[in-house]
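# Summary of the model geometry
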Amino acid sequence: MRWYKKDNSAPGSAVIFLHGGGMIAGSVEIYDPFVRQHVQWSGVPMLSVDYTLAPGTGDEAPAYEALAAIQWVLDHAATLQIDPERVAIMGDSAGGGIAAATAILARDRGINIAQQILVFPMLDDRTLEMDPQVARFATWTHEDNYTGWRALLGDRLGSPHVSAYFAPSRLEDFAGLAPAYIEVGTLDLFRDECISYAQRLLRAGVQTELHVHPGAPHGYDSLALGSSFAARWKADRVRVIRNL
């Protein structure tokens, strides 16, 4: 784990961050500039977590490691100068999926999370086909998706025996989950599963904010950072983090 905090920042909230990489790649080191930038923008400290990558996860979902990181933050709240009632879980892509799974696991274990911030999250192992209108713009393809989910789940991929702690879209009871913020682009393989997930959260009475960005591919927040579009997603994301 790596802790990020601006100098002289006031005591308050914190975010546990889980990096992307399709369940099989990525690291705290690779995401260091991303996390630093979000801490700089928001002023909110973040704990970046190097969870075990597939296929080395075995039978334990990465969400268990993320929950352990949350528990570490809660146990050290006084030292870290944070309010244990203002701790959020955040991730992008695969990390977003793990963040959603962690929110489920935390609810089931009776651990309070203030917010789940899901940036184009990877939620459903059954998303193995791509909309033809999206395919030619895809930065994360259905072949990539199969590779990542297969590495994580093995022969369980697509079967009825996949836990929501691995693939959050498998969840049946959404009641009592932490408030959610979800972003996705219209040219993202994950578009439909993210929209469906937000709808199911809302139907269960979970406060949910959903942004579906026109013309945006998977990983859009690493592209054209000086554009008016980047200013829009940055403003929304930073607002949610600051409001914890």
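Predicted model only: the values in this text are computed from it and were never measured.

Conventions and cut-offs
Per chain, residues are indexed from 1 in the order of the written sequence. Local features in this predicted model are restricted to residues of pLDDT 70 or higher, and side-chain atom pairs are both shown and tallied only at a pLDDT of 80 or more, whereas totals for entire chains, interfaces and linings draw on every residue. With hydrogens and water stripped out, all remaining heavy atoms of the structure feed into the side-chain values. The working definition used for a salt bridge is a side-chain nitrogen of Lys or Arg within 4 Å of a carboxyl oxygen of Asp or Glu. Accessibility here uses a 1.4 Å probe with only protein chains present; expressed as a share of the type maximum, an area under 20% marks a residue as buried, one over 50% as exposed, and anything in between as partly exposed. With a 1 Å grid laid over protein atoms only, a set of points is called a cavity when a 1.4 Å probe fits there but cannot get out and a pocket when it is open yet has protein on both sides within 12 Å along at least five of seven lines; lining residues have an atom within 4 Å of a point. Grid points are joined across faces, edges and corners, and a volume is the space filled by probe spheres set on the points. Under the scheme applied here, ten amino acids are nonpolar (Ala, Val, Leu, Ile, Met, Phe, Trp, Tyr, Cys and Pro), four are charged (Asp, Glu, Lys and Arg), and all others, including Gly, are polar. Helix numbering and strand numbering both begin at the N terminus, where a helix is a DSSP run of H or I of at least 4 residues and a strand a DSSP run of E of at least 2. For this analysis, residues touch if any pair of their heavy atoms sits within 4.5 Å. Expected span of a helix: the number of residues minus one, times 1.5 Å. Nonpolar core, defined: a set of buried Ala, Val, Leu, Ile, Met, Phe, Trp, Tyr and Cys residues in which side-chain atoms within 4.5 Å join the residues together. Here, strands pair whenever DSSP counts at least two bridges between them.

## What to know about the pattern of salt bridges
By the definition in use, this model includes 13 salt bridges. In this structure, aspartate 192 engages arginine 191 in a salt bridge whose closest nitrogen and oxygen atoms are separated by 2.8 Å. Assessed through its relative accessible area of 49%, aspartate 192 is described here as partly exposed.

## Description of the layout of surface pockets
For the largest pocket, the calculated volume is near 280 Å³. Along the wall of the largest pocket there are 17 residues; nearest its centre are Tyr31, Phe34, Asp92, Asp221 and Ser222. Of the residues in the lining of the largest pocket, the class split is seven nonpolar, eight polar and two charged.

## What to know about the side chain of asparagine 145
Secondary-structure assignment places asparagine 145 in helix 6 (residues 142-153). Overall, the relative accessible area of 0% leaves asparagine 145 in the buried class. The residues touching asparagine 145, leaving out its near neighbours within four places in the chain, are Met122, Asp124, Thr127, Trp140, Leu189 and Phe190.

## Brief notes about helix 8 (residues 228-242)
Across its 15 residues, helix 8 extends 21 Å between first and last C-alpha, which sits within 8% of the 21 Å expected from 1.5 Å per residue. Taken residue by residue, helix 8 has Phe229, Ala230, Trp233, Asp236, Arg237, Val238, Val240 and Ile241 as its buried positions.

## As for the nonpolar core
Generally speaking, a soluble globular protein has its nonpolar side chains buried in company with each other. Counting residues in hydrophobic clusters, the biggest one holds 84 residues, and the most contacted among them are Val15, Ile16, Leu18, Met90, Trp149, Tyr197 and Leu201. Top contributing element to this core by residue count: helix 4 (residues 94-109), with eight residues. Here methionine 90 is in contact with Val15, Ile16, Phe17, Leu18, His38, Met46, Ala99, Ile117, Val119, Arg237 and Ile241, once residues within four sequence places are set aside.

## Things to note about the environment of alanine 178
Checked against the element boundaries, alanine 178 lands in the loop between helix 6 and strand 6 (180-187). Between the alpha carbons of alanine 178 and phenylalanine 137 there is a distance of 33 Å; along the sequence they are 41 residues apart. Setting aside chain neighbours within four positions, we find alanine 178 in contact with Ile113, Gln115, Gln116 and Val206.

## Description of the pairing of strand 5 (residues 115-119)
Burial within strand 5 is extensive, with five of its five residues counted as buried. Alternating residues of strand 5 divide into Gln115, Ile117 and Val119 and Gln116 and Leu118, and every residue in both groups is buried. Bridge count for strand 4 (residues 82-92) against strand 5 is five bridges, and the pairing is parallel. From the neighbouring strand, alanine 88 faces strand 5, where its bridge partner is glutamine 115. Sheet analysis places strand 5 next to strand 6, joined by four bridges and oriented parallel. Note that in strand 6 the partner of leucine 118 across the bridge is isoleucine 182.

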